Amino acid sequence: MAGLFPGGSVGLPENAQPILLAAIEILEQMETWERKSIDDAIRQIGRETGARGPALYQPLRIALTGREHGPALGAVLVVQGRETVLAALRDYASTDGVQ
């Protein structure tokens with residue numbers, strides 16, 4: 001799945017799969033889809049995977065936007081919506097991000 005933002009797609013880092021799988025599991029369980037709860041979920045993904053900073057954010061951002069840099073990740077998830085986000089994460093996790 002190409003990112004939803006125009007301008008190309010970047011491959012995922014090699015260590016992305018555990019982060020994507022944790023993100024799917026945690027985001028699927030969310031009761032509300034709002035910025036604060038999404039930001040909390042992203043921090044939980046980091047705690048569960050041990051990933052911090054770019055090691056945490058880049059795989060998620062690339063899977064959702066096709067880019068390494070962009071708007072705040074929580075805002076991206078809010079705008080894209082739960083089903084679109086989960087579909088993109090599942091797609092990238094199942095293909096290891098091979099584009």
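Residues numbered from 1 in each chain as written. Predicted model: local features only at pLDDT ≥ 70, side-chain atom pairs only at ≥ 80, totals over all residues. Heavy atoms only, no water.

Chemist: When you look at the environment of L12 in this model, what are you seeing that I'm missing?
Modeler: Within the element layout of this structure, L12 appears in the segment before α1 (16–28). Residue classification places L12 among the buried positions, given a relative accessible area of 13%. Taking the C-alpha atoms as reference, L12 lies 8.5 Å from Y92; in sequence the two are 80 residues apart. (Helix = DSSP H or I, 4+ residues; strand = E, 2+ residues; numbered from the N terminus. Buried < 20%, exposed > 50% of the residue type's maximum accessible area, 1.4 Å probe, protein only.)

Chemist: Looking at this structure, how should I read the pattern of salt bridges?
Modeler: Pairs may arise between side chains of opposite charge once their charged atoms sit close together. Counting across every chain of the model gives four salt bridges. Notably, a salt bridge pairs E28 with R90, separated by 2.6 Å at the nearest N-O pair. Pair noted here: E28 is in helix α1 and R90 is in helix α5 (residues 82–95), with a separation of 62 residues, a long-range link. Among the salt bridges present, the one from D40 reaches K36, with a minimum N-O distance of 3.1 Å. Placement of the pair is D40 and K36 together in helix α2 (residues 35–49), with a separation of four residues, close to one helical turn. Through salt bridges with shared partners, a single ionic network connects K36, D40 and R43. (Salt bridge = Lys/Arg side-chain N within 4 Å of Asp/Glu carboxyl O.)

Chemist: What should I look at first to understand the environment of P71 in this one?
Modeler: Summarising the element assignment, P71 is placed in the loop between α3 (54–65) and α4 (73–80). Given the relative accessible area of 43%, P71 is considered partly exposed. Placed ten residues apart in sequence, P71 and R61 show a C-alpha to C-alpha distance of 9.2 Å.

Keep in mind these numbers describe shape, not what the thing actually does.
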